[in-house]
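Residue-level listing of the chains:
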Amino acid sequence: MSAEILNLFGSERTEPEGPHLSGQAVCMACKHEWVAGAPVGTVHLECPACKRTWGQFKNPVEPSVAWSCQCGEQLFWITPNGCQCRACGSIQEGMF
Ligand SMILES: [Zn+2]
Ligand SMILES: [Zn+2]
């Protein structure tokens, strides 16, 4: 059993665990870098070095598995007609 699971069933009552993000973070004030974990939607992270809330995730959020266009692109515009490849312009089919 991992420490995280133990924490969920511990005697101390805490907020329900929602979806979280984790990854490399950097403080824009003191440039300290660390691995941060935070609930999805958190924009400002508290820097463990200077304690200011100037931290932010370094990298964009990327899913572990993602759809690819025939041209290889993985970023799309969401339009009334469907998801349109930002590279070749084709509307994606068969994704859902
Ligand atoms: Zn800092
Ligand atoms: Zn494409």
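A quick note: this is a predicted structure, and the numbers were derived from the prediction, not measured. Sequence order sets the numbering: in each chain, residues are counted from 1 along the sequence as written. For this description, chains carry letters from A and ligands carry numbers from 1, given in the order in which they are written. Thresholds applied to this predicted model are a pLDDT of at least 70 for local features of residues and 80 or more for the giving and counting of side-chain atom pairs; totals over whole chains, interfaces and linings are not thresholded and use all residues.

(A) Layout of the overall build of the chain. Per the secondary structure count, the chain includes 1 helix and 5 strands. Secondary structure elements are defined from DSSP: runs of H or I of at least 4 residues count as helices, runs of E of at least 2 residues count as strands, and each element is numbered from the N terminus. Element order for the chain, N to C, with α for helix and β for strand: α-β-β-β-β-β. Three exposure classes are used, based on other C-beta atoms lying within 10 Å of a residue's own C-beta, which is placed from the backbone: buried for 20 or more, exposed for 12 or fewer, and partly exposed in between. When each of the 96 residues of the chain is scored for burial, the buried share is 6%. Considering only contacts within the chain whose residues lie at least 6 apart along the sequence, 20% involve residues at least 24 apart. Our contact criterion uses C-beta atoms placed from the backbone: two residues qualify when those atoms are within 7 Å.

(B) Seen up close, the sheet that holds strand E1 (residues 20–27). Sheet architecture is open: 3 strands sit in the order E2-E1-E3, paired in antiparallel fashion. Each edge of the open sheet carries a strand with a single partner, namely strand E2 (33–39) and strand E3 (55–57). Strand after strand, the sheet turns through a mean of 45° between neighbouring axes, direction not considered. By definition, two strands form a pair when at least two bridges between them are found by DSSP. As judged from the 7 bridges shared by E1 and E2, these two strands associate in the antiparallel manner. Residue pairing in the sheet places Ala25 in a bridge with Trp34 of E2. Throughout, an axis means a line fitted to C-alpha atoms (over the contacting stretch in the case of helices), and angles, computed between N-to-C directions, take values from 0 to 180 degrees.

(C) Up close: the environment of Ala25. With respect to the helices, strands and loops of the structure, Ala25 is situated in strand E1. On the basis of neighbour count, Ala25 is assigned to the buried category, with 22 C-beta atoms found within 10 Å. Sequence-wise, Ala25 and Gln56 are 31 residues apart; in three dimensions their C-alpha atoms are separated by 5.4 Å. If we skip the residues at most four places from it in the chain, Ala25 touches Glu33, Trp34, Val35, Ala36, Leu45, Gly55, Gln56, Phe57 and Lys58.

(D) Local environment of unusual backbone geometry. One non-glycine residue with positive phi stands out, namely Lys31, at about 70°. On the basis of neighbour counts, which here come to 11 C-beta atoms within 10 Å, the residue Lys31 falls in the exposed class.

(E) Looking closely at the pairing of strand E4 (residues 76–79). Where E4 and strand E5 (residues 82–85) come together, 4 bridges link them in antiparallel fashion. Looking across to E5, one finds that Trp77 is bridged to Gln84. Between E4 and E5, which pair antiparallel one after the other, the connecting turn spans 2 residues.

(F) Looking closely at the environment of Val40. Relative to the helices and strands, Val40 is located in the loop between E2 and E3. When residues no more than four places from it in sequence are discounted, the contact partners of Val40 are Gly18, Pro19, His20 and Leu21.

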